[in-house]
Amino acid sequence: MYVCFCSSFRFHWKKNFCTGFLLFCFYYFELLIKVTMFRETNEIFDELDTMNDLQMNDEKLYKIVCQGDLHDELDEYLKSVSDVDTILQKMYELGDQSVSLLMLAAQHGFDRVIRILISHSSNVKHLVNMHGNIIDLNGNLVSHVSALWCACDRGYFDVARTLIEHGGANVHSTSRNPILISAIVDERYDIIEFLIENNYSDMNQTIEKERPFYNGLMISAAHGQINIVRYLLSKGANVDFTSSSNFTALACAASEGHLEIIELLCAAGASTNVKTNNNETPLILAFENDHLDIVDYLFDQTKDDLCLDEIELVACSIVLSIRRINNSPSMFNKMIHLMRKIFQLRTERNSLKPSAQPIAAYNFQQECQTIDDFEKIQHDHHRLYIEALLIRERILLPKKLVSLCEPLLIYGQNLVEQGAFEQCLHLWHHTFYLYQNMNFETSLHRFVWLFCKMIMANVFIPPDLFVQICRLTFEPSEQNKKNHSIKNSLCLITIAAKVQIQLSFLFICLCFQVLEQPSLTKLDRQLIYRLINDICRQQRTTIDGQTLLHLCVNEQTYRDINYRANEIRQVLKFVLAFFSFAISIFVDLAFRI
């Protein structure tokens, strides 16, 4: 019985103990959760209290700073608040403005307030160089400015000195231009003197943040600010400091036409020979920008060092840039102005030009040798244009510069517009050999276009000149398997057929109408037959092995023609439609000669 009682007691004890333990754990965890929730609630209330305190602190601090700490309470007040850095770095939104307490104090010139605010910051560098938006002295909203900028803008230079020397403010730490550059642009002499006299800014190395990356002297020279230029020079500015594009202050002044500043810079020893990255001297920049008074001054200043060829090219470039010769008299006046000075300098140096033989390409004109020769042509714009072409060829051909040829091609197009087709043929024939002699790629497509244009205009094509042009296909530069070369040969043969159509009965049956043209002599026809014979005997092929006859019947040939000028399409499409038959007749006729 005792044993049974003990066993029963142990069973109930264990059961009650487990139940009690579980109840204890339940109540313990319930209490723990309540305590945690209480703490979190208290923390939330504490945070709300802190935010309210901060808001109250913000309002009070703002008022103290705005009043300049009249009651000497700022220092003690900052000591009493928690998280002072958050308060000091807060940005106050005042309409469009966004300012910190430090910027506010700088704007009002409160130097003592500035010192107190700095003394309470644990990150002075960040505080001093914070940026905001503020209305400047002229009433304009300016963005991304610092407390130092605010002090300088309002002329509070004691505050600016404190910010630099005690706060470590950086005169360059702004997303805008450096303060010195902005002061020069705005002509703020007081700021310029403050920064330079105290050695806070390097007037040579302080440059714009964006292109063209000018320094202070260059900006003032470009803007015509002669007093600032004079001041910077008096303080030892580097007169030949260059930008990333190799502009100097003299180049800036020459571009913008400020003669007085140029005289001042030259008196300070500025070099007149420094070239920009585009190979332009100050004289060239002045000439290109129509500042002829500066051209005269710099010419006299630099004539002992001038390269005559270089200046002649500049004089020519101004008229060769013209697309319509008769529409730009001012450009020719500029050329005349400079060329007269060049002839005067040649006379002083006793420097004569080499004389070239007259050729048909230039209408048998020769380059002027004296100023008297030049005076005779000064009112003839077309003759002046040819003079410019002659000068460029004399200077650039020995250098083998491909840029020599572009004005020749442009002038040829002008001749075509005037109906001077034959002169254009001579000019472009000469241009072809210039390309070849300088080892550049040649092409006959312009001749194809020109001959087609002559046919469409019902202009007689001189057979001897036509054959002379067509025989360019035998020149070394055209002896290649490039598709455009052999296709141009095919086009020329087609045009030769068209020339024959003018009175040859052989092709009348292929025409819808007979073109009324001056008759060809027997010798003329033989010249063209012989040309076709020679071209066919070459047996030229494209890269993929197609002969002239293949090209005649190839659909791609017709597609290529569709991409050519309208004049070419109208002339070539008709003849090529029959050309697979006609070419065999041509070859047969050519063999009979």
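Above: the structure in question.
Starting afresh in each chain, residues are numbered from 1 along the sequence in its written order. Thresholds applied to this predicted model are a pLDDT of at least 70 for local features of residues and 80 or more for the giving and counting of side-chain atom pairs; totals over whole chains, interfaces and linings are not thresholded and use all residues. Hydrogens and waters are ignored; side-chain quantities use all the structure's heavy atoms.

Chemist: Tell me about the overall build of the chain, and please be specific about residues and values.
Modeler: Helical segments are the DSSP runs of H or I of at least four residues, strand segments are the runs of E of at least two, and each set is numbered from the N terminus. Helices and strands together make up the secondary structure of the chain, namely 31 helices and 4 strands. By definition, residues are in contact when any of their heavy atoms lie within 4.5 Å. Here the contacts in the chain between residues at least 6 apart in sequence split such that 67% fall between residues at least 24 apart. The protein chains shown are the only cover counted for residues, whose accessible areas, like all others here, come from Shrake-Rupley with a 1.4 Å probe. Here the chain has roughly 30,300 Å² of accessible surface; of this, 53% comes from carbon and sulfur atoms.

Chemist: Give a detailed account of the packing of aromatic side chains, specifying residues and quantitative values.
Modeler: When the centres of two rings from Phe, Tyr and Trp lie within 6.5 Å, Trp using its six-membered ring, the rings pair. Their planes under 30 degrees apart give stacked, over 60 give edge-to-face, and anything left gives tilted. According to the stated counting rule, one finds 9 aromatic pairs in the structure shown. A centroid spacing of 6.3 Å and a plane angle of 40° characterise the contact between Tyr214 and Phe247, whose relative ring orientation is tilted. With Tyr214 in the loop between α10 (189-197) and α11 (216-222) and Phe247 in the loop between α12 (226-234) and α13 (249-256), the pair connects residues that are 33 residues apart, well separated along the chain. Comparing Tyr214 with Phe247 shows no difference in burial state: the two are buried. With a centroid separation of 6.2 Å and 40° between ring planes, the pair formed by Trp428 and Trp449 is classed as tilted. Taken together, the residues Trp428 in helix α22 (residues 421-437) and Trp449 in helix α23 (residues 445-456) connect sequence positions 21 residues apart. What makes Trp428 buried here is its relative accessible area of 3%. A connected cluster of aromatic rings, assembled from ring pairs, spans Phe157, Phe194 and Tyr200. For a ring to carry a charge above it, either NZ of a lysine or CZ of an arginine must fall within 6 Å of the ring centroid while also lying within 35 degrees of the normal to the ring plane. Sitting above the plane of the Tyr92 ring, Lys90 keeps its charged end 5.5 Å from the centroid. Buried means the residue's accessible area, taken with a 1.4 Å probe over protein chains only, is under 20% of the maximum for its type, while exposed means over 50%, and partly exposed covers the values in between.

Chemist: Go over the pairing of strand β3 (residues 132-135) with me, naming the residues and quoting the values.
Modeler: Only one face of β3 is buried: it carries Gly132 and Ile134, and the other face, with Asn133 and Ile135, is open. In this analysis, strands are considered paired if DSSP registers two or more bridges between them. Strand direction decides the pairing type here: β3 and strand β4 (residues 141-145), joined by 3 bridges, are antiparallel. The residue bridging Ile135 from the neighbouring strand is Leu141, located in β4. Linking β3 to β4, which pair antiparallel, is a turn of 5 residues; within it Gly139 sits at a positive phi near 85°.

Chemist: Could you give me a rundown of the environment of Val402, with the residues and numbers involved?
Modeler: When you line up the elements, Val402 lands in the loop between α20 (381-396) and α21 (406-417). Looking at Val402, the relative accessible area reads 40%, which means it is partly exposed. Spatially, the C-alpha atoms of Val402 and Tyr435 are 7.3 Å apart, while their sequence positions differ by 33 residues. Those residues in contact with Val402 that lie beyond four places of it in its chain are Tyr435, Met438 and Phe440.

Chemist: A description of the nonpolar core should follow, citing residues and the corresponding values.
Modeler: Counting residues in each nonpolar core, the largest one holds 154 residues, and the members touching the most others are Leu163 and Leu265. Apart from residues no more than four positions distant in its own chain, Leu265 is found in contact with Leu217, Ala221, Val229, Leu233, Val239, Ala249, Leu250, Ala253 and Ala270. Residues belong to one nonpolar core when they are buried, are Ala, Val, Leu, Ile, Met, Phe, Trp, Tyr or Cys, and are joined through side-chain atoms within 4.5 Å.

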